[in-house]
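Observations on the model geometry
Spelled out, the chains give:
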Amino acid sequence: AAFCEGIMKRFLAALQFLTILPLPRGLSPDERALGGSMPFFPVVGLGIGATIALMDWGLGFLFPVGVTSVFAVILLIAVSGGLHTDGLADTADGFFSSRPRERILEIMRDSRTGPMGVAAIVCVVALKIALIASVSGPSRAWVLLLTPVAGRSALLIQMALLPYARPEGLVGIFHRNCSRSHALWALTFLITAGGLAGGVPGLVAGGVSFLFALLFTAYVRRRIGGLTGDTLGASCELTELVPALVAAAWLYGGGA
């Protein structure tokens, strides 16, 4: 019973951290539960994806695919309270400032969003809508299912492979409890979920999502030497593009 209670606390901690869903009073996780919640990040992503896919299916009886795609992306942003979108904007402002490391970190810490941050949000949201709208038929469900899984898995990959660039902050609680095995878990979950939901294209999408997250992690290391909460958000947002990108290429590039 104690083991099951511990598992549930960690799952709820992941749910509270990654979404805006309110938890009942008395279930607020402690620091230990937060630190041990990381293996549940992809699981929470799967729940988000299932919710979006179900909503998309229902709205499909009322609206064309372009409209339901916009609703899907709105829900992707809203479910985290815009946390990852904010990280994307701050990362773009810092990384595209052509400044040294310390100045980049200062810019990223600034709560104001600059022109590069706005441009990054517009480009990523527009591309996400266009890619999801381009995928129809049976592939659409697994793409919507896998999209948030890819984003939450990217969080694990970056935390497992990079040092923390700032000693303070909530991310430190997770980072102190992270190891390389979390990256392997993210890869396993991505490929398994992709393969079961989407067959060969889903399997490929899971693998490519993992590779993209690795490449972005290497880019973050080169720019600032470690991760921040903002770079984690950017990694989530950008990796979410990959499943629909792979599916669109598969359908329209002759893979189907």
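All residue numbers here refer to positions counted from 1 along the written sequence of the relevant chain. Whole-chain, interface and lining totals are the exception, using all residues; otherwise, since this is a predicted model, local features are given only for residues with pLDDT of at least 70 and side-chain atom pairs are given and counted only at 80 or more. Side-chain measures here rest on the full set of heavy atoms in the structure, leaving out hydrogens and waters.

**Some details on the nonpolar core**
Among the buried residues, those of types Ala, Val, Leu, Ile, Met, Phe, Trp, Tyr and Cys that are joined through side-chain atoms within 4.5 Å form a nonpolar core. Exposure categories follow from relative accessible area, calculated using a 1.4 Å probe and restricted to protein chains: below 20% of the type maximum is buried, above 50% is exposed, and the middle band is partly exposed. Counting residues in hydrophobic clusters, the biggest one holds 71 residues, and the most contacted among them are Met38, Phe41, Leu146, Leu155, Met159 and Leu227. Secondary structure elements follow DSSP: runs of H or I of four or more residues count as helices, runs of E of two or more count as strands, with numbering from the N terminus. Examining the composition of this core, we find that 12 residues originate from one element, helix α8 (residues 139-161), more than from any other. In contact with Leu155, other than residues within four places in its own chain, are Leu18, Phe41, His84, Leu232 and Cys236. Only heavy atoms enter the contact rule, under which two residues are in contact if any of them lie within 4.5 Å.

**Things to note about the packing of helix α10 (residues 180-224) against helix α11 (residues 229-239)**
Relative orientation and spacing of two packed helices are given, respectively, by the angle between their axes and the distance between those axes. Where helices are involved, their axes are fitted lines through C-alpha atoms of the stretch in contact, as for all axes, and angles between N-to-C directions lie from 0 to 180°. Taken N-terminus to C-terminus, the directions of α10 and α11 make an angle of 150°; their axes are 10 Å apart at the nearest point. Judged on the interaxial angle alone, α11 and α10 are roughly antiparallel. For the element pair α10 and α11, the recorded crossing hand is right-handed. Residue-level inspection shows Ser209, Phe212, Ala213, Phe216, Val220 and Ile224 of α10 in contact with α11, the latter providing Thr231, Ala234, Ser235, Leu238 and Thr239. Lys, Arg, Asp and Glu make up the charged group, whereas Ala, Val, Leu, Ile, Met, Phe, Trp, Tyr, Cys and Pro make up the nonpolar group; the residues left over, Gly among them, are polar. Class assignment of the residues belonging to the contact of α10 with α11 gives a composition of seven nonpolar, four polar and no charged. Should an angle lie under 35 degrees it is considered roughly parallel, over 145 roughly antiparallel, and from 65 to 115 roughly perpendicular; all remaining angles are considered oblique. Take the far helix as the reference: if the near one is turned anticlockwise from it by less than a right angle, the crossing is left-handed, and if turned clockwise, right-handed.

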